[in-house]
Amino acid sequence: MRIDIISVLPDLMRSPFETSILKRAMEKGLAEVHFHNVRDFATNKHRQIDDAPYGGGAGMVMMVEPLDLCISKLKSERHYDEIIYMTPDGETLNQRIANKLSTVENLIFLCGHYKGIDQRVRDLHITKEISIGDYVLTGGELAACVLADSIIRLLPGVLNDEQSALTDSFQDDLLSYPIYTRPDVYKGLEVPKVLLSGNFQAIEDWQHDEAIRITTERRPDLFEKK
Ligand code: 6GU
């Protein structure tokens, strides 16, 4: 998979891809992430990329031409499955969206900044708009990193134990059951006996019951979705 990320602040996003699991995914050639600085596509002598909104109002708007030039150049080089604008106005990211996007070849993420982008960029190029939740960030960059992480970890070979993505919280719309490792008693707190029993069926039943109990307590809305 290849992800091209367009932003005014690409440096803000480098370290997540240079660390730990995502770094390994890059090194193994399972994913490539390329950053593009909108400023490199500015056309006027001031290298301007934002301007005041028509109709007035506070804040600046990312200009259509630099973004169009950047996206058009990328599109001339390969086919993109989705061109995603990161914005609080978008569809809220969830596991279903991450799963779907993890099956495609090429993605563009456009990070919004200032008040947002000229509507004509959306009209010309954007195929999907994604938000990472109902709160506002200073820009789309951190959201783009969240989206990329949620996708790349699902690519075959990225996680050591391929099963581990399948048993995630949310993969079956249930939260995780409690997990333990040694020692079996710590400050008087005991690991549930069933986990030490060696009875695989009993363990699986307990884990499922606990997942249901915790989801019922914390996120009853996950059942209503079904
Ligand atoms: Cl994608 N961008 C911004 N600026 N804020 C957000 C967001 C995105 N998702 C949630 N909040």
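Here the residue numbering is sequential within each chain, running from 1 through the sequence in written order. For a predicted model such as this one, the threshold for reporting local features is a pLDDT of at least 70, and the threshold for listing and counting side-chain atom pairs is 80 or more; totals across whole chains, interfaces and linings nevertheless cover every residue. To obtain the side-chain values, all non-hydrogen atoms of the structure were used and water was disregarded.

Formally: UniProt positions are given in the numbering used here, feature names are shortened, and annotations may be inferred rather than shown by experiment.
Looking at an unreviewed UniProt entry, one finds the protein named tRNA (guanine-N(1)-)-methyltransferase, with Soonwooa buanensis as its source organism. The UniProt entry for the protein carries this comment under Subcellular location (unreviewed entry): "Cytoplasm". Heading Sequence similarities (unreviewed entry) of the UniProt record for the protein holds this comment: "Belongs to the RNA methyltransferase TrmD family."

## Topic: the nonpolar core
Applied cut-off: Take the buried residues of types Ala, Val, Leu, Ile, Met, Phe, Trp, Tyr and Cys, join any two whose side-chain atoms come within 4.5 Å, and each joined set is a nonpolar core. Buried means the residue's accessible area, taken with a 1.4 Å probe over protein chains only, is under 20% of the maximum for its type, while exposed means over 50%, and partly exposed covers the values in between. To qualify as a helix, a DSSP run of H or I must reach at least 4 residues; to qualify as a strand, a run of E must reach at least 2; elements of each kind are numbered from the N terminus. What makes two residues a contact is simply this: any of their non-hydrogen atoms within 4.5 Å.
Counting residues in hydrophobic clusters, the biggest one holds 28 residues, and the most contacted among them are Ile-3, Ile-5, Leu-107, Phe-109, Leu-147 and Ile-152. Top contributing element to this core by residue count: helix 5 (residues 141-152), with 7 residues. Beyond its immediate sequence surroundings of up to four residues, Ile-152 is in contact with Ile-3, Phe-17, Leu-22, Ala-25, Met-26, Ala-31, Val-33 and Val-158. Core analysis: the next-biggest nonpolar cluster, separate from the first, contains 19 residues, Ile-49, Met-62, Ile-71 and Val-121 among them.

## Brief notes about the UniProt feature "binding site: S-adenosyl-L-methionine" (unreviewed entry) in the protein
Note the following rule: Polar contact is the term for a pair of N or O atoms within 3.5 Å; when the atoms are in protein, one must be able to donate a hydrogen and the other to accept it, and sequence-neighboring residues count only if both atoms are side-chain atoms.
Mapped onto the present numbering, the UniProt feature "binding site: S-adenosyl-L-methionine" (unreviewed entry) falls on Gly-112, Ile-132, Gly-133, Asp-134, Tyr-135, Val-136 and Leu-137. Here Gly-133 is to be found in the loop between strand 7 (128-131) and helix 5. In this structure Gly-133 comes out as buried when scored by relative accessible area, which is 10%. Position of Tyr-135 among the secondary structure elements: in the loop between strand 7 and helix 5. Reaching out from Tyr-135, the side chain makes a polar contact with the backbone oxygen of Ile-132 at a distance of 3.0 Å.

## What to know about the sheet that holds strand 2 (residues 32-37)
Put simply, the test is: The pairing criterion for strands is at least two bridges between them, as found by DSSP. Lines fitted to C-alpha atoms define the axes, with helix axes restricted to the stretch in contact, and inter-axis angles between N-to-C directions lie between 0 and 180 degrees.
Taking strand neighbours across the sheet as the criterion, the 5 strands line up as 2-1-6-5-7 in an open arrangement whose pairing is parallel. Across the chains shown, the open sheet's two edge strands, defined by having one partner strand only, are strand 2 and strand 7. Averaged over all pairs of adjacent strands, the angle between their axes in this sheet comes to 30 degrees, without regard to strand direction. Pairing between strand 1 (residues 2-7) and strand 6 (residues 106-111): 5 bridges, direction parallel. Counterpart to Arg-2 in the pairing with strand 6 is Asn-106. Relative to strand 1, helix 2 (residues 64-77) is tilted by about 165 degrees, and along the sheet it contacts strand 1, strand 2, strand 5 (82-92) and strand 6.

## Things to note about the domain arrangement of the protein
Test applied: All the domain ranges listed were derived from an automatic or database domain assignment.
Partitioning the protein into domains gives domain 1 (2-152) and domain 2 (172-224). The distance between the C-alpha centroids of domain 1 and domain 2 comes to 38 Å.

## Let's talk about the site of the ligand
The test is simple: Working definition: residue near molecule or strand if any one of its non-hydrogen atoms lies within 4 Å of it. In this count, Pro and Cys sit with the nonpolar residues alongside Ala, Val, Leu, Ile, Met, Phe, Trp and Tyr, while Asp, Glu, Lys and Arg are called charged and the others, Gly among them, polar.
Around the ligand, the neighbouring residues are Met-86, Thr-87, Pro-88, Ile-130, Ser-131, Ile-132, Gly-133, Tyr-135, Leu-137, Gly-139, Gly-140 and Ala-143. Contacts to the ligand include Ile-132, whose backbone N or O atom sits 2.9 Å from a nitrogen atom. Residue Gly-139 places a main-chain N or O atom 3.5 Å away from a nitrogen atom belonging to the ligand. The dominant element in the shell around the ligand, judged by the number of residues it contributes, is strand 5, at 3 residues. Its residues assigned to classes, the shell around the ligand shows 7 nonpolar, 5 polar and no charged.

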